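# Close look at the chain arrangement
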Amino acid sequence: MPRETGRKVIAQNKRARHEYFIEDTYEAGLVLTGTEVKSLREGRANLTDGFAAVENDEAWLYNVHIPEYTQGTWTNHSAKRKRKMLLHRKEIAKIYATLREKGLTLIPLALYFKDGRAKIEVGIARGKKDYDKRQTLREKQDNRDMRRAMSGAIRRKGGS
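Before going into details, it helps to say that this report is about the structure given with it. (Residues numbered from 1 in each chain as written. Predicted model: local features only at pLDDT ≥ 70, side-chain atom pairs only at ≥ 80, totals over all residues. Heavy atoms only, no water.)

## Quick notes on the nonpolar core
Basically, it comes down to this: To form a nonpolar core, buried Ala, Val, Leu, Ile, Met, Phe, Trp, Tyr and Cys residues must be joined to one another through side-chain atoms within 4.5 Å. For each residue, the accessible area found with a 1.4 Å probe, counting protein chains only, is set against the maximum for its type, and the residue is called buried under 20%, exposed over 50%, and partly exposed in between. Only DSSP runs of H or I with at least four residues qualify as helices, and only runs of E with at least two residues qualify as strands; both kinds are numbered from the N terminus onward. Contacts are assigned to residue pairs that have any heavy atoms within 4.5 Å of one another.
The biggest cluster of nonpolar side chains holds 26 residues, and the ones touching the most others in it are Leu 40, Met 85, Leu 87, Leu 111 and Ile 120. Elements with a contribution of two residues or more to this core: β1 (7-12), β2 (20-30), β3 (51-55), β4 (58-62), α3 (89-99), β6 (104-114) and β7 (117-127). Apart from residues no more than four positions distant in its own chain, Ile 120 is found in contact with Tyr 26, Glu 27, Ala 28, Leu 30, Leu 47, Leu 61, Met 85, Pro 108, Ala 110, Leu 111 and Tyr 112.

Shown next, in the form of structure tokens:
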């Protein structure tokens, strides 16, 4: 029985959803050292510059910044080392086949603990053009304005 249950989010890559169209997502485990896990339990990580790749039938995570553990000694880890992702062989083969298409990349979307184990959600992504980003921002703003107008109309109707 795990000590923790549920999902505790450590870090999210909100910028990725703005910069890319996410076509498919995968959940993977991570091979971490003890000080990395302790640093993650303190809620310290940054996914912004991270990406993943498949090399020699193994999935690797690059440029994810997990800062050194403050109480660590000579056993501390380097902050931006490459980390192995734990996926099934069929998933790795499927990802590799998909990534060979032009314009696709594998990026980390979220880092979290699930039932006490560190997991990462990675997405196969296609880059957005500038006009796509503007369209997304316009849709967000329109939805926000619509919700604001609806809540105002409900308040006025209920207050009469």
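## Considerations on the side chain of Arg 83
Here is the rule we go by: Definition of a polar contact: a pair of N or O atoms within 3.5 Å, with one able to donate and the other able to accept a hydrogen when the atoms are protein atoms, and with sequence-neighbouring residues admitted only if both atoms are side-chain atoms.
Among the structural elements, Arg 83 can be located in strand β5 (residues 83-86). Given the relative accessible area of 1%, Arg 83 is considered buried. Within the structure, Arg 83 has its side chain in polar contact with the backbone oxygen of Val 64 (distance 2.9 Å).

## What about unusual backbone geometry?
For Asn 56, which is not glycine, the phi torsion reads 50° and is therefore positive. Within the secondary structure layout, Asn 56 lies in the loop between β3 and β4.

Any link to function would need more than the numbers given here.
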